Amino acid sequence: MSFTSLGLSQPLLQTLKAQNYASPYPIQKEAIPAILNKKDVLGIAKTGSGKTASYVLPILMNIEGISLKKSRHITVLVLVPTRELAVQVNDVFKIFEKSLPERIKTMAVFGGASINPQMKSLMNVNVLVATPGRLLELIEKNAVHLGEVETLVLDEADKMLNAGFKKEMDQIFSLLPPKRQNLLFSATLNDDVGSINQILLHNPVVIKIESEEEDIELINQSVYSVAEGQKGPLLRHLIESKEMDQVLIFTSSVARADRVADKLRKNNIDAKAIHRKKTQGVRTDLLTKFKYGKLKVLVTTDLLSRGIDIENLPWVINYELPRSPKTYIHRIGRTGRAETSGEAITFISEGEEHHFRVIEKKMKKRLERIKIDGYS
Ligand code: AMP
């Protein structure tokens, strides 16, 4: 099947070609026609499956020709849980909207960046990609209105609909027109999404691409038993001996992320830490450098375990275990994306062994523990 048969316009087809999108991924085959038909969609597919383009393309088709609403009234609202994902989704809209004959303006807004420039730029925006908190601040300041939204997208919907965002999301829902197209994308279908599905979606087209469990088959997982105090030396040993030139490392706290990155730098390994205590400018800059191979090691917390797409990321290391098995799957899912294989390494100290068994049970997979002399 080709993109041509999905009903997309010539300019979009040309951009797809220029972007080397040869044929649609499974989620795109199903979501594009449904969204073009103005259906509600519930898409269960993780980031890396091509889900962003699966809504960006038909949304751009649908809003072409809709003349701009009253000033500061957007037509499409995409809600995302993190600033990084906002930037990423906005970039995909930008790639495709450039080719369109009619000018469509997309913008991303998120907290941590100054609000005044965002307020000014919100004139004549058609598509707004936003994190909930900043969106509400902008609404409060009359910089944007939701009364004419025709399509609502919740990306990483399970995260958007969990308790942490509930208050903000309820407020946003109350400002949206009741009649609209709703598109929900989520990596996992949990109870939150299940219940909201009933409230939010009208007769949706449900698309389930593959379960996380099947998906992680693409990832080569190895587990090292290591003494707690030897994690740093083992990390350096593996980065060097395996000649890793792009590796994402997960720790369980901001302080630990900083310490691990510092220690690597002291040992002449190009590493930086990225977490919620860094300014938005620094986060965006580091992520871009890392994505384009200009920074070898990025150490992070679970801020980055969801949603971030780094093309062909070859290595992920769990320096410490995450609390939940689901987060473990999200973390290692940063590699082995878009149908390529990847390597995930997990360090386990004696104290973490019990918790890792719980994760293995959830994955329905038992992994051999590797021990290296001098480190375990
Ligand atoms: P996403 O799941 O939206 O984060 O997309 C994952 C990656 O796949 C991104 O780097 C996209 O540029 C890429 N991608 C999406 N759809 C296609 C396609 N049909 N062909 C090739 N690459 C694609």
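Residues numbered from 1 in each chain as written. Predicted model: local features only at pLDDT ≥ 70, side-chain atom pairs only at ≥ 80, totals over all residues. Heavy atoms only, no water.

Asks: Could you clarify how one ought to interpret the overall build of the protein in this entry?
Replies: Check the secondary structure of the protein and you find 15 helices and 14 strands. Computed over its C-alpha atoms, the radius of gyration of the protein comes to 21 Å, within 12% of the 21 Å expected for a compact globule of 376 residues. If you line up the protein on its principal axes, its C-alpha atoms span 70 × 45 × 40 Å. Restricting to contacts in the protein with at least 6 residues of sequence separation, those with at least 24 account for 74%. Counting every atom, the protein has about 16,600 Å² of accessible surface; 48% of that belongs to carbon and sulfur. Distance between charge centroids for the protein: 4 Å, based on 54 positive and 44 negative side chains. (Helix = DSSP H or I, 4+ residues; strand = E, 2+ residues; numbered from the N terminus. Rg over C-alpha atoms; globule rule 2.2 N^0.38 Å. Contact = heavy atoms within 4.5 Å. Areas by Shrake-Rupley, 256 points an atom, 1.4 Å probe, with all protein chains shown as cover. Lys, Arg positive; Asp, Glu negative; His and termini not counted. Charge placed at Lys NZ, Arg CZ, Asp CG, Glu CD.)

Asks: Even after reading the chapter, I still don't get the sheet that holds strand β1 (residues 41-44), so can you show me in this structure?
Replies: Backbone-to-backbone hydrogen bonds pair the strands of a sheet. The strands run either parallel or antiparallel. Pairing in this open sheet of 7 strands is parallel, and the strands run β3-β4-β2-β5-β6-β1-β7 from one edge to the other. Both edges of this open sheet fall to β3 (106-109) and β7 (205-208), since each of them pairs with a single strand only. Within the sheet, the average angular offset between the axes of one strand and its neighbour, ignoring direction, is 10°. Here β3 runs beside strand β4 (residues 127-130); their pairing, made up of 4 bridges, is parallel. Across the sheet, the residue bridging to V109 is A130, located in β4. With respect to the sheet, helix α2 (residues 26-36) is in contact with β1, β6 (181-186) and β7, its orientation differing from that of β6 by roughly 165°. Of the strands in this sheet, β2 (76-79), β4, β5 (151-154) and β6 touch helix α3 (residues 51-63), which is tilted by about 165° from β6. (Pairing = 2+ DSSP bridges. Axes fitted to C-alpha atoms, helices over the stretch in contact; angles between N-to-C directions.)

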